[in-house]
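This is what each chain is made of:
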Amino acid sequence: MKSADCRSFPLVSCPHFSQYFRQYPAMTVQTTGPYFPTVPKITFKGPDSTDPLSFRFYNAEEEILGRKMKDWLRFSVCYWHTFRGKGLDPFGGPTITRPWDDESDGIENALRRADAAFELFTKLGVEYYTFHDRDVAPEGKDLAESNANFDVVADYLAKKQEETGVKLLWATQNLFSHPRYMNGAFTNPDAHVLAYGAAQAKKVLEVNQRLKGENVVFWGGREGYQSILNTDVKRECDNMAAVFHAVVEYQKKIGDSAQLLIEPKPREPTKHQYDYDAQTTYAFLQHYNLEKYFKLNIEPNHTTLAGHCFEHDILFASKLGILGSVDSNTGDPLLGWDTDQFPMDIKQAAFAMLVIVDQGGLGSGGLNFDCKVRRESTDLEDIFIGHIGAMDTFARGLRIAAKIKSDGVLEKMLQTRYSSFTDSDIGNKISSGKFSLEDCETFIHEHGEPQQRSGQQELFEVIFNRYV
């Protein structure tokens, strides 16, 4: 999800960066919109369009499998990369400036940023957005001032939502940027810090409810460890679970119905994070009796960092009944960190949409573009082009998934491969769980060695490629 690029705290004090910050001329800030004057309302122009500021495959109102494309895809723009990202990386300072942003951390700048954000949302035609608390409102000198700042901006966001019809997909808390969270938040060895993080989460629940957010996300950016020598892993996991139970209770107390989501990630910034992947997180939820209350927000770039393929966690979360939402991005296989790139791979999008279509959609979740333009992509239009390309990619993925689903060829082949579990006595017993080891032994004595059956992987792949 989040990287150093989106943190609220500047790196000016770093000696490697400070010399480059001094080279920037004084900025002239544009105080009123439009902030994207060269960008029109993005419309669907069809597959033959060569206009990069148009949709070729995403036609929001078109019905596919009995549902509008926009309702299958539920696209969302993230605040942190799109409006707080400056092009920072581990080796260089910022490369990106925006006309509405005076680089301050004040309320006026936050409100201008909101104006720019909602202009982008409406021109792009997305119906949802997401944010961290510190993306939209500045940190104050203490919790009371931070909450007051958050309230001011939240009131303005509510006004913008009312004016535009854009809705909040989810809010989350930034518990990784401030130095107080250097050892984590809910897993911090200091109870004082844990309490601060929990208080921050409380405020996010309240604001999310006020803005009618449909979900609340918990991403444990520093909930893990660097060394087992100074870490009590059981205590840390116990404490994190205790906070999650407190979240559930407070949500009930205030009458909020937003879906709670945990976002797995295996590493970065810590060496090992406790919510490693979908299966690890599900085991955590089951162990602490939280599986009734939480689903998962899957980010494929995190999935690949865990050593899995792009679609792995989406598939497993769905099959476990806990796929709630997707942070739709991708990473570079040649880089070892969370690069948060716009998803442009048609096959990967088709794999993801096959899972989403198969489970009947994402419910209150959506496809949130947790993506940032590259450090070298500094034009305002680049923000739009990245989102348009990603939206078209998932629109194509949906079209492919719908065709595969309607034809039923691959599904029938898959059923045939596992037909012994429905077409034989021993298979039916195994599927129903009503068998014993003695039953298996008797069956083998009677039927002997099983016949070798091809997995036909190449045939499956060739047939899949017919649809792409």
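One can find the structure itself at the top, above this paragraph.
Remember, predicted model here, so these are calculated numbers, not experimental data.

A.B. asks: So what's going on with the pattern of salt bridges? Which residues, and what values?
C.D. replies: Tallied over the entire structure, the rule returns 31 salt bridges. In this structure, Asp51 engages Lys45 in a salt bridge whose closest nitrogen and oxygen atoms are separated by 2.9 Å. Taking relative accessible area as the criterion, Asp51 reaches 29% and is therefore assigned partly exposed. Across the pair Glu61 and Lys68 runs a salt bridge whose closest N-O atoms are separated by 2.7 Å. Residue classification places Glu61 among the partly exposed positions, given a relative accessible area of 43%. Taken together, the shared-partner salt bridges connect Glu61, Lys68, Lys70 and Glu127 into one network.

A.B. asks: Break down the environment of Arg112 for me, citing the residues and quoting the values.
C.D. replies: Within the secondary structure, Arg112 sits in helix α4 (residues 107-124). Arg112 gets classed as buried once you look at its relative accessible area, which sits at 10%. Taking the C-alpha atoms as reference points, Arg112 and Ala241, separated by 129 residues in sequence, lie 38 Å from one another. Ignoring any residue separated from it by four or fewer positions in sequence, one finds Arg112 in contact with Val29, Gln30, Thr31, Tyr35, Trp100 and Asp102. Polar side-chain contacts of Arg112 include one of 3.0 Å to the side chain of Asn109.

A.B. asks: Describe the pairing of strand β8 (residues 259-262), with residues and values.
C.D. replies: By the bridge criterion, 4 bridges tie strand β6 (residues 215-218) to β8 in an arrangement that is parallel. Residue pairing across strands places Asn215 opposite Gln259, the latter belonging to β8. Bridging between β8 and strand β10 (residues 294-298) involves 3 bridges; their strand directions are parallel. Paired with Leu260 across the two strands is Phe294, which belongs to β10.

What counts, and where the lines are drawn
Residues numbered from 1 in each chain as written. Predicted model: local features only at pLDDT ≥ 70, side-chain atom pairs only at ≥ 80, totals over all residues. Heavy atoms only, no water. Salt bridge = Lys/Arg side-chain N within 4 Å of Asp/Glu carboxyl O. Buried < 20%, exposed > 50% of the residue type's maximum accessible area, 1.4 Å probe, protein only. Helix = DSSP H or I, 4+ residues; strand = E, 2+ residues; numbered from the N terminus. Contact = heavy atoms within 4.5 Å. Polar contact = N/O pair within 3.5 Å; in protein donor to acceptor, adjacent residues only side chain to side chain. Pairing = 2+ DSSP bridges.

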